[in-house]
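# What the coordinates show
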Amino acid sequence: MDYQAFAQQTTQEILGYYQDTSGWKVIKTSKKITVSSKASKKFHGNLYRVEGVIPESTSRLSDFLYRPENRVTWDKSLKVYNMVQKIDSETFICHTITQSFAMGSISPRDFIDLVHLKCCEGNMDIISSASVDFPTYPPSSNYIRGYNHACGCVCSPLQENPAHSKLVMFVQTEMRGRLAPSIIEATMPSHLVSFILNAKDGIKTHKIPSRCGCHHNGHSSFLKK
């Protein structure tokens, strides 16, 4: 599989979602975070859009969200987040195991995702992820293997305060298993709000060196095995 080409394709899909302003229905607003949804074109489920403001620069925020190390220390939805193969300085494959949520009604899932960071014009960064087949990590009987259709985060300077960032996240996760869609639809909005709040708290305690420009000079060093 051409992982780099697939990563570029996923990034373009996320950019398309970001630029698409039609058909979104606001389903939750909490603590200045807005969750909207529309029917996914990828599977029988929803595409979610989550928007919030993070009081950090765009470069620091995107580096923080992209870095695989320490992810489980702030993202309370995960119990495992490991880079299993580096593709290049801005692309890697990760193995993720989630915590159970919705008071245990949704059991842990595992995912194999291709993660990619792209810096665009206007100091906008896109972190994309999508599930891929990776023979080294076949599905296990311990977990239901979920599937992430094109997901990602778009980080950009807040127009009224460029020292802060607008974070827009897109999620379309196929949980698989025998879950009723109503359970996912009822619990996912709060779950997504929690992610933004966890990120906002987590970045305060993690010292992330700010990058210069769009060269991503820092990434190759922290992704070395």
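Parameters and conventions
Residues numbered from 1 in each chain as written. Predicted model: local features only at pLDDT ≥ 70, side-chain atom pairs only at ≥ 80, totals over all residues. Heavy atoms only, no water. Helix = DSSP H or I, 4+ residues; strand = E, 2+ residues; numbered from the N terminus. Buried < 20%, exposed > 50% of the residue type's maximum accessible area, 1.4 Å probe, protein only. Contact = heavy atoms within 4.5 Å. Areas by Shrake-Rupley, 256 points an atom, 1.4 Å probe, with all protein chains shown as cover. 1 Å grid on protein atoms, 1.4 Å probe; cavity = no way out; pocket = protein on both sides within 12 Å on 5 of 7 lines; lining within 4 Å. Points joined across faces, edges and corners; volume = space filled by probe spheres on them. Nonpolar A, V, L, I, M, F, W, Y, C, P; charged D, E, K, R; others polar. Core = buried A, V, L, I, M, F, W, Y, C linked by side-chain atoms within 4.5 Å. Expected span 1.5 Å × (residues − 1). Bend = angle between axes of the 7 residues up to and from the residue. Phe/Tyr/Trp six-rings, centres within 6.5 Å; stacked < 30°, edge-to-face > 60°. Lys NZ or Arg CZ within 6 Å of the ring centre and 35° of its normal. Polar contact = N/O pair within 3.5 Å; in protein donor to acceptor, adjacent residues only side chain to side chain. pLDDT = per-residue confidence, 0-100.

## Thoughts on the overall build of the protein chain
- Assigned secondary structure in the protein chain consists of five helices and twelve strands.
- By its C-alpha atoms, the protein chain is 45 × 40 × 30 Å across when sized along the principal axes.
- Expressed as a percentage of the 225 residues in the protein chain, the buried residues total 52%.
- Restricting to contacts in the protein chain with at least 6 residues of sequence separation, those with at least 24 account for 61%.
- For the protein chain, the exposed area adds up to about 11,000 Å²; of that, 51% sits on carbon and sulfur atoms.

## So, empty space enclosed by the protein
- Here the structure, examined in full by the defined rule, presents one cavity of 30 Å³ or more.
- In this model, the largest cavity occupies a volume close to 630 Å³.
- Of all elements in the fold, only helix H2 (58–66), strand S4 (78–88), strand S5 (91–98), strand S6 (109–120), strand S7 (124–131), strand S10 (151–158), strand S11 (161–171) and helix H4 (181–205) reach the threshold of two or more residues within the lining of the largest cavity.
- In the lining of the largest cavity, the residues fall into 19 nonpolar, ten polar and four charged.

## Examining unusual backbone geometry
- Even without being a glycine, Asn 70 presents a positive backbone phi close to 70°.
- Summarising the element assignment, Asn 70 is placed in the loop between H2 and helix H3 (71–74).
- Given a relative accessible area of 40%, Asn 70 falls into the partly exposed group.
- Non-glycine residue Asn 123 carries a positive phi angle of around 60°.
- Its relative accessible area of 35% is what places Asn 123 among the partly exposed residues.

## Observations regarding the nonpolar core
- Residues Leu 65, Leu 167, Met 169, Leu 192 and Ile 196 are the most contacted members of the largest nonpolar core, which totals 34 residues.
- Top element by residues in this core is H4. It accounts for eight residues.
- Setting aside anything within four residues of it in sequence, one finds Ile 196 in contact with Ile 33, Val 50, Ile 54, Leu 167 and Met 169.
- By size, the runner-up hydrophobic cluster in this structure holds 13 residues, among which are Tyr 18, Leu 47, Ile 126 and Phe 170.

## Digging into H4
- Over its 25 residues, H4 extends 36 Å from the first C-alpha to the last, a length consistent with the 36 Å expected when each residue adds 1.5 Å.
- Maximal helix bending in H4 amounts to about 35°, located at Met 188; proline Pro 189 follows within four positions.
- Looking at H4, one finds that the buried residues are Ile 184, Thr 187, Met 188, Pro 189, Leu 192, Val 193, Phe 195, Ile 196, Asn 198, Ala 199, Gly 202 and Ile 203.
- Among the structural elements, strand S1 (25–30), strand S2 (33–39), strand S3 (46–54), H2, H3 and S11 are those in contact with the buried residues of H4.

## Some points on the packing of aromatic side chains
- Here the structure, examined in full by the defined rule, presents six aromatic pairs.
- For the pair Tyr 66 and Phe 92, a centre-to-centre distance of 5.4 Å together with 65° between the ring planes defines the contact as edge-to-face. Note that Tyr 66 is positioned in helix H2 and Phe 92 in strand S5, a separation of 26 residues in sequence. Residue Tyr 66 shares its accessibility class with Phe 92, and that shared class is buried.
- Judged by centre distance (6.3 Å) and plane angle (20°), the ring pair of Phe 134 and Tyr 137 falls under stacked.
- Here Phe 134 falls in the buried class, since its relative accessible area comes to 9%.
- Among the aromatic residues, ring-to-ring pairing joins Tyr 17, Trp 24 and Phe 170 into one connected group.
- Its guanidinium or amino end placed over the ring of Trp 24, Arg 49 lies 5.7 Å from that ring's centre, counting from NZ or CZ.

## Section: the side chain of Ser 128
- The residue Ser 128 is located in strand S7 in this model.
- In this structure Ser 128 comes out as buried when scored by relative accessible area, which is 1%.
- Side-chain polar atoms of Ser 128 contact the side chain of Thr 11, separated by 3.1 Å.
- The contacts of Ser 128, once residues within four sequence positions are left out, are Ala 7, Thr 10, Thr 11, Ile 14, Leu 114, Val 115, His 116, Cys 151 and Gly 152.

## Remarks on helix H1 (residues 3–19)
- Its 17 residues give H1 an end-to-end C-alpha distance of 24 Å, which sits within 8% of 24 Å, the value for a rise of 1.5 Å per residue.
- Within the span of H1, buried status applies to Tyr 3, Phe 6, Ala 7, Thr 10, Thr 11, Glu 13, Ile 14, Leu 15, Tyr 17 and Tyr 18.

## Details of the confidence of the model for the protein chain
- Per-residue pLDDT for the protein chain averages 91, and the proportion of residues at 70 or more is 92%.
- Every residue in residues 215–225 scores below 50 in pLDDT, and together they form 30 contacts with partners more than four places removed in sequence or on other chains.

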